[in-house]
Amino acid sequence: MIDKRKTRFDIEDDDVETKIGKTKEEDVGSSRSDFKKRVAAALKGTDHRRVTNVSARLDAQQKKLNLPILPTTTIGSFPQTVDLRRVRREFKAKKISEEDYIRFIKVEINNVVKLQEELGIDVLVHGEPERNDMVEYFGEQLSGFAFTANGWVQSYGSRCVKPPIIYGDVSRPKPMTVFWSSTAQSLTKRPMKGMLTGPVTILNWSFVRDDQPRFETCYQIALAIKNEVDDLENAGITVIQIDEAALREGLPLRKSEEAFYLNWAVHSFRITNCGVKDTTQIHTHMCYSNFNDIIHSIIDMDADVITIENSRSDEKLLSVFREGVKYGAGIGPGVYDIHSPRIPPTDEIAERINKMLAVLESNILWVNPDCGLKTRKYTEVKPALTNMVAAAKLIRDRLASAK
């Protein structure tokens, strides 16, 4: 429930009180009843799992993508420069035109794509220059969300975010990322990842309505993201990453409630991509949590590739595979910590890859940083990624020689 009086945060949208009032009225009317029926119908009769098993899907995807062994990629974001942040602020304040804004963002995307091609990265990203925050960006485009002007919450260190307020039923009025992803893909022949935030992360990093169970709201978000996934695929994007960085953060403190949460959280992720072709590769990303105790739920998400933090935690993730857990999908345990300005040398990254190969098969291993690069500077990112690509090539050569 949102207090209709102005709070110390000040609601950003002057019309949000009217929106909330209308939503309350509709909740008892036929509009909300119809919406609930549509959601129930969309969820009925299936567990929303892709029909083909992951091994067969990876074979189909490899034939289409033709990636080298130990493919390299990044997590999504590239450095957010002072100029980039300024242009986004000016566009939001209507100080520059939409045409000028789009032109600037296209230049940023073009530069990021060219840089990745020069570095030799195999699966590219568009760098997310148009995005303020991985949850806020999507909440601004989904119905049922409101935002504060000054409701900042600390995320980590000096980084703060403004969590959305989910006050009503969630749906997607129109495509949110297709234009930017398609623009980026048109600039390169290499695979370009479509970048989305997953429903569980959007839910867990928002203030959520309490008049219905959290899982119902999560399913609504999942169906909205599914629409975006389908549109990306139809636009020719063959690699789509659906980040679930906050999956573990939502784990209840009571052990008795954990299984129920993980069941609907995993189900929500599977809803987003259950309808794509076998040749469309679904990635997800998780960062900075202890995932060893929920590894079986992560496997049950049935993603084709998971990129996951590994370096910052001193490679604790690898212990779960040393203990006998079998993982058959693609996996990219991060090879360097992006929260440090330190540039890791090539031989250090190569040693990390070798440690991964001791417990993971080379045909499923990916090489990538721990997390996104938005908080770093290009003077750090360029040499770090150069060394990462060099390390991957070094290990490829060694594997080829061994054969």
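The heading Cofactor (unreviewed entry) in the UniProt record of the protein holds the text "Zn(2+)".

Draft legend 1. Highlighting the overall build of the protein. If you tally the helices and strands in the protein, you get 14 helices and 10 strands. Along the first, second and third principal axes, the C-alpha set of the protein runs to 70 × 50 × 40 Å. Looking at the protein as a whole, 54% of its 403 residues qualify as buried. Surface exposure of the protein reaches about 18,500 Å², of which carbon and sulfur atoms provide 50%. Distance between charge centres in the protein, computed from 58 positive and 57 negative side chains, equals 1 Å.

Draft legend 2. Looking closely at the sheet that holds strand β6 (residues 207-208). Spatially, the three strands line up as an open sheet ordered β1-β4-β6, and their pairing is mixed. Of all strands in the sheet, those with a lone pairing partner are β1 (143-146) and β6, marking the two edges. Relative to strand β4 (residues 165-171), β1 runs antiparallel, the two sharing three bridges. From the neighbouring strand, F145 faces β4, where its bridge partner is I166. Here helix α9 (residues 214-234) sits on the sheet in contact with β1, β4 and β6, set at roughly 50 degrees to β4.

Draft legend 3. Looking closely at the nonpolar core. Ranked by internal contacts, the top residues of the largest apolar core, which has 101 residues, are I353 and L385. Among the elements that line this core, the one with the most residues is α9, at nine residues. The residues touching L385, leaving out its near neighbours within four places in the chain, are T74, F78, L119, I121, Y336, P369 and L373. Counting six residues, the second-largest nonpolar core is a separate cluster that includes L67, V123, V239 and V305.

Draft legend 4. Structural detail: helix α13 (residues 346-357). With 12 residues, α13 should reach 16 Å at 1.5 Å per residue; the first-to-last C-alpha distance of 17 Å fits that figure. Considered for burial, the residues of α13 that qualify are I349, A350, R352, I353 and M356. The arc that holds every buried residue of α13, seen down its axis, measures 155 degrees, which confines them to one face. The elements touched by buried residues of α13 are α12 (318-322), β10 (330-333) and α14 (378-402).

Draft legend 5. Seen up close, the sheet that holds strand β8 (residues 281-286). Strand order in the open sheet formed by five strands is β5-β7-β8-β9-β10, with parallel pairing between adjacent strands. The sheet is open, and its two edges are formed by β5 (193-197) and β10, each paired on a single side. Neighbour to neighbour, the strand axes of the sheet diverge by 20 degrees on average, direction disregarded. In this sheet, β10 lies alongside strand β9 (residues 305-308) in parallel orientation, the contact comprising four bridges.

Draft legend 6. Layout of the side chain of Q212. By the element assignment, Q212 lies in the loop between β6 and α9. Within the structure, Q212 has its side chain in polar contact with the side chain of T217 (distance 2.8 Å). If sequence neighbours within four positions are ignored, Q212 has contacts with R32, K36, D169, T217 and Q220.

Conventions adopted
Residues numbered from 1 in each chain as written. Predicted model: local features only at pLDDT ≥ 70, side-chain atom pairs only at ≥ 80, totals over all residues. Heavy atoms only, no water. UniProt positions renumbered as here; feature names shortened; annotations may be inferred. Helix = DSSP H or I, 4+ residues; strand = E, 2+ residues; numbered from the N terminus. Buried < 20%, exposed > 50% of the residue type's maximum accessible area, 1.4 Å probe, protein only. Areas by Shrake-Rupley, 256 points an atom, 1.4 Å probe, with all protein chains shown as cover. Lys, Arg positive; Asp, Glu negative; His and termini not counted. Charge placed at Lys NZ, Arg CZ, Asp CG, Glu CD. Pairing = 2+ DSSP bridges. Contact = heavy atoms within 4.5 Å. Axes fitted to C-alpha atoms, helices over the stretch in contact; angles between N-to-C directions. Core = buried A, V, L, I, M, F, W, Y, C linked by side-chain atoms within 4.5 Å. Expected span 1.5 Å × (residues − 1). Arc of directions from axis to C-beta. Polar contact = N/O pair within 3.5 Å; in protein donor to acceptor, adjacent residues only side chain to side chain.

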